[in-house]
Amino acid sequence: MDNNIIISLKDIVVDFDGETILNGLSLDIHDKEFVTLLGPSGCGKTTMLNAIANFVKFDGNINCGKLSYVFQQPRLALTTVFGNVEMVLLNVIKDKAERAKMVQKYLNLAEITPL
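All of these numbers come straight from a predicted model, not from anything done at the bench. (Residues numbered from 1 in each chain as written. Predicted model: local features only at pLDDT ≥ 70, side-chain atom pairs only at ≥ 80, totals over all residues. Heavy atoms only, no water.)

## Brief notes about the pattern of salt bridges
Here the structure, examined in full by the defined rule, presents four salt bridges. For K57, the salt bridge is made with E98, and the minimal N-O distance between the two is 3.3 Å. A residue pair is termed long-range when its members are at least 10 positions apart, and K57 in the loop between α1 (45–52) and β3 (59–64) and E98 in helix α3 (residues 96–109) qualify at 41 residues. The partner of E86 in a salt bridge is R99, with the nearest N and O atoms 3.1 Å apart. Residue E86 is found in helix α2 (residues 81–89), and its partner R99 is found in helix α3; the two are separated by 13 residues along the sequence. (Salt bridge = Lys/Arg side-chain N within 4 Å of Asp/Glu carboxyl O. Helix = DSSP H or I, 4+ residues; strand = E, 2+ residues; numbered from the N terminus.)

In structure tokens:
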């Protein structure tokens, strides 16, 4: 990846339940570049961000450094940390065991363990 490129997406394809949400998306975001995603509801903005964060399965290639993901609205529920992280993935990963594995992966990365 070019030293000046901080996020690179090449030919990204995301399908949900047989519906193609992103089809062949390619994008390079350079250091110090300001990027805005605009489009109507349902056009794939959040799906693209979820693919970059590896929250959804995708075909293609994504290269990026460390990133942070902040939601527009507070999304903490009165449940466990695991439950709050899992909530983000409920509509993304249908299989409960696969979803739990992904949640545990991110809790481990954040060095969060059950009490």
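## Digging into the side chain of N50
Its place among the elements puts N50 in helix α1. Given the relative accessible area of 10%, N50 is considered buried. (Buried < 20%, exposed > 50% of the residue type's maximum accessible area, 1.4 Å probe, protein only.)

## Looking at the environment of M48
Note that M48 resides in helix α1. Measuring from C-alpha to C-alpha, the distance between M48 and L22 comes to 7.5 Å, with 26 residues separating the pair along the chain. When sequence neighbours within four positions are dropped, the list of residues in contact with M48 reads L9, L22, L25, L27 and L37. (Contact = heavy atoms within 4.5 Å.)

## Some points on the sheet that holds strand β1 (residues 5–16)
The strand order β2-β1-β3 describes an open sheet built from three strands, whose pairing is antiparallel. A strand with exactly one partner marks an edge of an open sheet, and here the two such strands are β2 (19–30) and β3. Strand after strand, the sheet turns through a mean of 15° between neighbouring axes, direction not considered. Note that β1 and β3 share five bridges and pair antiparallel. Considered in β3, the bridge of K10 is made with N61. (Pairing = 2+ DSSP bridges. Axes fitted to C-alpha atoms, helices over the stretch in contact; angles between N-to-C directions.)

## Side note on the layout of surface pockets
Put simply, the largest pocket is a space of about 1,000 Å³. Forming the boundary of the largest pocket are 33 residues, of which K45, T46, L49, N50 and Y69 lie nearest the centre. Elements supplying a minimum of two residues to the lining of the largest pocket: β1, β2, α1 and α2. Examining the composition of the lining of the largest pocket, we find that seven residues originate from one element, α1, more than from any other. When grouped by side-chain class, the residues that make up the lining of the largest pocket number 21 nonpolar, 10 polar and two charged. (1 Å grid on protein atoms, 1.4 Å probe; cavity = no way out; pocket = protein on both sides within 12 Å on 5 of 7 lines; lining within 4 Å. Points joined across faces, edges and corners; volume = space filled by probe spheres on them. Nonpolar A, V, L, I, M, F, W, Y, C, P; charged D, E, K, R; others polar.)

## Some thoughts on the nonpolar core
The biggest cluster of nonpolar side chains holds 19 residues, and the ones touching the most others in it are L9, I12, V14, I52, I62 and L89. Contributions of two or more residues to this core are made by β1, β2, α1 and α3. Tallying contributions element by element places β1 first for this core, with four residues. Residues within four places of I52 in sequence aside, it is in contact with I7, L9, I62, C64 and L67. (Core = buried A, V, L, I, M, F, W, Y, C linked by side-chain atoms within 4.5 Å.)

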